[in-house]
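Structural features, examined
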Amino acid sequence: MFRGISLANKCLLLFGGAVVLIVVAALAFPALRMWRLIDEAEIQRSRDLVDVWIELDDQHRRERPDSTGQPLFPALQVPALSDQRHAGINAERISVEQARRMRASDVFIAAALDAFEAEPRVTDHHAQRWQGITRLYDYARVERSAPSRITGLVVLRRQSLETFRLLWVGGIFFAAAAAAVLSLAVLVFYLITHRIILQPVRALKDTAERVREGNVAVRSDISTGDEFEELARTFNMMLTDLQSNQDRLRALNQAMDVKLHEMAESNTLLHESARLKGEFLANVSHELRTPLNSIIGFAELLLEQAKSEAGQEDVSPAIQRRVRYLSNIDTAGRNLLAHINSLLEMARIEAGRIDIQPERVVLRDACEGLLGLIHPLAARRGIDTRLEVQDDVPAVVTDIKKFQQIIFNFLSNAVKFSLPQERSGRVPEIVLRVDKLPPARPEEQMKVRVSVIDNGPGIPEEEQQRIFDKFYQVDAGHTRESTGTGLGLAICRELAHVLNCEIQLVSGVNRGSMFSLIMPLSLAASHAAEAALEARLRGTLSGGRPWSGDRE
Ligand code: ADP
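Let us now look at the overall build of the chain. When its secondary structure is counted, the chain shows twelve helices and eleven strands. Looking at the chain as a whole, 35% of its 552 residues qualify as buried. By sequence separation, contacts in the chain at least 24 residues apart represent 68% of the contacts at least 6 residues apart.

With that out of the way, let us pick up the pattern of salt bridges. Counting across every chain of the model gives 33 salt bridges. Across the pair Arg 129 and Asp 138 runs a salt bridge, and its minimum N-O distance is 3.3 Å. Judged by relative accessible area, Arg 129 falls into the partly exposed class, the value being 45%. Note on Asp 138: relative accessible area 8%, which makes it buried.

Moving on: helix 11 (residues 488-498). Because each turn of an α-helix spans 3.6 residues, side chains separated by three or four positions end up pointing in the same direction. Along helix 11, nine of the eleven residues are buried, which leaves the element largely enclosed by surrounding structure. Looking at helix 11, one finds that the buried residues are Gly 488, Leu 489, Ala 490, Ile 491, Cys 492, Glu 494, Leu 495, Ala 496 and Val 498. Looking one or two residues beyond helix 11, the residue adopting positive phi is Asn 500, at roughly 60°.

Right, let's talk about the site of the ligand for a bit. Near the ligand you find 20 residues, and of these Asn 413, Lys 416, Gln 473, Gly 486 and Leu 489 are the closest. Side-chain polar atom of Gln 473 to an oxygen atom of the ligand: 2.7 Å apart, as the coordinates give it. Backbone polar atom of Val 474 to an oxygen atom of the ligand: 3.3 Å apart, as the coordinates give it. Protein burial of the ligand: of its 530 Å² of free accessible surface, 97% is covered by the chains. When contributions to the shell around the ligand are tallied by element, the ones reaching two or more residues are helix 8 (400-417), helix 11 and strand 11 (512-520). Counting residues per element, the shell around the ligand draws most heavily on helix 8, at four residues. Residue classes in the shell around the ligand are distributed as nine nonpolar, nine polar and two charged.

The next thing to look at is the sheet that holds strand 9 (residues 447-454). Strand order in this open sheet of five strands is 6-8-9-11-10, and the pairing throughout is mixed. The two strands at the open ends of the sheet, each matched to only one other strand, are strand 6 (384-389) and strand 10 (502-508). Across the sheet, the axes of successive neighbouring strands diverge by a mean angle of 15°, strand direction being ignored. The pairing of strand 8 (residues 429-437) with strand 9 spans eight bridges and is classified as antiparallel. Bridge pairing links Val 431 to Ile 453 in strand 9. Packed on one face of the sheet, helix 7 (residues 363-380) meets strand 6, strand 8, strand 9 and strand 11 and runs near 175° to strand 6.

The next point concerns the confidence of the model for the chain. Confidence in the prediction of the chain, expressed as mean pLDDT, is 85, and 90% of residues score 70 or more. In this model, residues 73-85 is a region of pLDDT below 50 whose contacts with residues beyond four sequence positions or in other chains number 18 contacts. Taken as a whole, residues 543-552 scores under 50 in pLDDT and shows 24 contacts with residues more than four places along the chain or in a different chain.

The next subject is the nonpolar core. One finds Leu 363, Phe 403 and Ile 407 to be the most contacted residues of the largest nonpolar core, which totals 50 residues. At the level of secondary structure, the elements contributing two or more residues to this core comprise helix 6 (317-350), helix 7, helix 8, strand 8, strand 9, helix 11 and strand 11. One finds Val 96, Ala 112, Phe 116 and Leu 153 within the second-largest nonpolar core, a separate group that totals 13 residues.

A few words on the environment of Pro 30. Along the chain, the position of Pro 30 falls in helix 1 (residues 7-63). You can call Pro 30 partly exposed: its relative accessible area is 30%.

The relation between two aromatic rings is expressed through the spacing of the ring centres and the mutual angle of the planes. Under the criterion given, the structure shown has four aromatic pairs. Each ring, one from Phe 15 and one from Phe 189, has its centre 4.0 Å from the other, and the planes form 5°; the classification is stacked. Highlighted residues: Phe 15 in helix 1 and Phe 189 in helix 4 (residues 162-212), separated in sequence by 174 residues. Owing to a relative accessible area of 27%, Phe 15 belongs among the partly exposed residues under this scheme. With relative accessibility at 17%, the residue Phe 189 sits in the buried group. Ring pairs connect the aromatic residues Phe 410, Phe 468 and Phe 515, which therefore count as one cluster.

What follows deals with the pairing of strand 2 (residues 124-131). Of the pairings in the sheet, the one linking strand 2 to strand 3 (residues 134-146) comprises eight bridges and is antiparallel in character. Along strand 3, the bridge assignment pairs Trp 130 with Arg 135. Count of turn residues in the strand 2/strand 3 antiparallel hairpin: two residues, of which Gly 132 carries a positive phi of about 65°.

Right, let's get into the side chain of Arg 141. Here Arg 141 is to be found in strand 3. Side chain to side chain, Arg 141 and Asp 51 meet in a polar contact 2.9 Å long. Within polar-contact distance, the side chain of Arg 141 engages the side chain of Tyr 139 at 3.2 Å. For Arg 141, the residues in contact, after removing those within four places along its chain, are Arg 47, Val 50, Asp 51, Ile 54, Thr 123, Asp 124, Gly 152, Leu 153 and Val 154.

Thresholds, definitions, all that
- Residues numbered from 1 in each chain as written.
- Predicted model: local features only at pLDDT ≥ 70, side-chain atom pairs only at ≥ 80, totals over all residues.
- Heavy atoms only, no water.
- Helix = DSSP H or I, 4+ residues; strand = E, 2+ residues; numbered from the N terminus.
- Buried < 20%, exposed > 50% of the residue type's maximum accessible area, 1.4 Å probe, protein only.
- Contact = heavy atoms within 4.5 Å.
- Salt bridge = Lys/Arg side-chain N within 4 Å of Asp/Glu carboxyl O.
- Near = heavy atom within 4 Å.
- Polar contact = N/O pair within 3.5 Å; in protein donor to acceptor, adjacent residues only side chain to side chain.
- Areas by Shrake-Rupley, 256 points an atom, 1.4 Å probe, with all protein chains shown as cover.
- Nonpolar A, V, L, I, M, F, W, Y, C, P; charged D, E, K, R; others polar.
- Pairing = 2+ DSSP bridges.
- Axes fitted to C-alpha atoms, helices over the stretch in contact; angles between N-to-C directions.
- pLDDT = per-residue confidence, 0-100.
- Core = buried A, V, L, I, M, F, W, Y, C linked by side-chain atoms within 4.5 Å.
- Phe/Tyr/Trp six-rings, centres within 6.5 Å; stacked < 30°, edge-to-face > 60°.

Structure below.
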């Protein structure tokens, strides 16, 4: 309400308002009293007039006993009654019967009669009211033959302008007095606030403004000997602290500048080495894959040859050894190729080179294909495989290659980590299950879950989060025996993110594991673009660089 008004004006307004209220309240009582006194004087005048009137009327009756008792007015020419200030005057003597007849039509006569009849000692009755600026005074005097016997009334009705004039003049005096008191009070208040309050406040404000302009060496020198001086002293102490803090900060800033420079340098080095690492990885992986493929190819040829020789009768132990060695070379070569492929895939993801091509996928067909791929490997290790697809699972729109990559990874892990029957005491089994996930809340959409369930060694709870980290492998005897890079699940997690899917893991030690991919029915094109962009950004931040296609 008082926003934008200076402190001085605010104080002045509030104080002025308060003074007006106090003066009005203080003058209201004398004004009312003055009005009352004027009315009392006028009533007394009516009384005096009626005294004179009765005397004259009685004299008139004595001199003219034959008169019918008609009222004398306006024959009253006495000075008291011919007063100029009285706009109108009327007096009459009425009998009690007349008065009673008038009771119904004349409120004043009725009230006067009531008062006289109720109390024998009451001799007169009056009433007054305003009519515009004229004050009407009604006065009645009772005439009794005995205390309780009323014989008649003398009624005087007057109009007076005097009351209004007196009140008006009085009002002007009161207003003048109020204005004088108000101006004087405001003047005194103004001088006090300016000298005692505003001057030191302004001095403090000036100092604060100079500090804001950057001059922290400035000090306030108020010496009023009161709270303002204390405030100025505290303000000065604050400035001293500020100055020393600023000096300290400046020194710290300088030290930080040096550190920042050093960090920028090491950051550049880090960035460069991350770039070199990415480049090295890409080059090495690529350069390794080409010769490795020919090693594997030639090893396979030699193995086939050796196997056909081993199939003949009288096979020498040397040939048998050769088959074994060659098959070891083949397996090791394939493992190495798988590792290199994983490294290459991760490097590709980190470089943001993810290309998403959504298409309609019938999950039963896709899963049958995947299970067909893994089946020979599983069968070789004595693992049963089974496909369970819920009847009404809808088709989904997703990138089939990435979906296959994720599920195949789950399947090959399940095969890799399943324990043979002789160790676990149960037939190793892998189930690939596809089912619908109805929405948990009405605003959510339906999803589809593709799970790979095995009855292998399981994963301890404390490891379940970490196995999705890059290069992390559970350090437990049963899984450590299997070879791997620790990149498979990290790649799955990245790909799932790109496909707007979620990976869930339920597992218990010695009870098996269930890796599930929870997918939306449709992969929105906008999400695919966002995910690719995010992957690219992350790749850039981690020092990766988009690789050219011929490097894959
Ligand atoms: P890798 O298979 O190359 O070791 P992954 O990222 O695929 O790397 O897996 C990380 C680790 O998670 C594995 O080393 C293994 O300890 C554990 N793991 C993954 N799948 C299974 C599973 N089905 N059963 C038991 N352990 C598993």
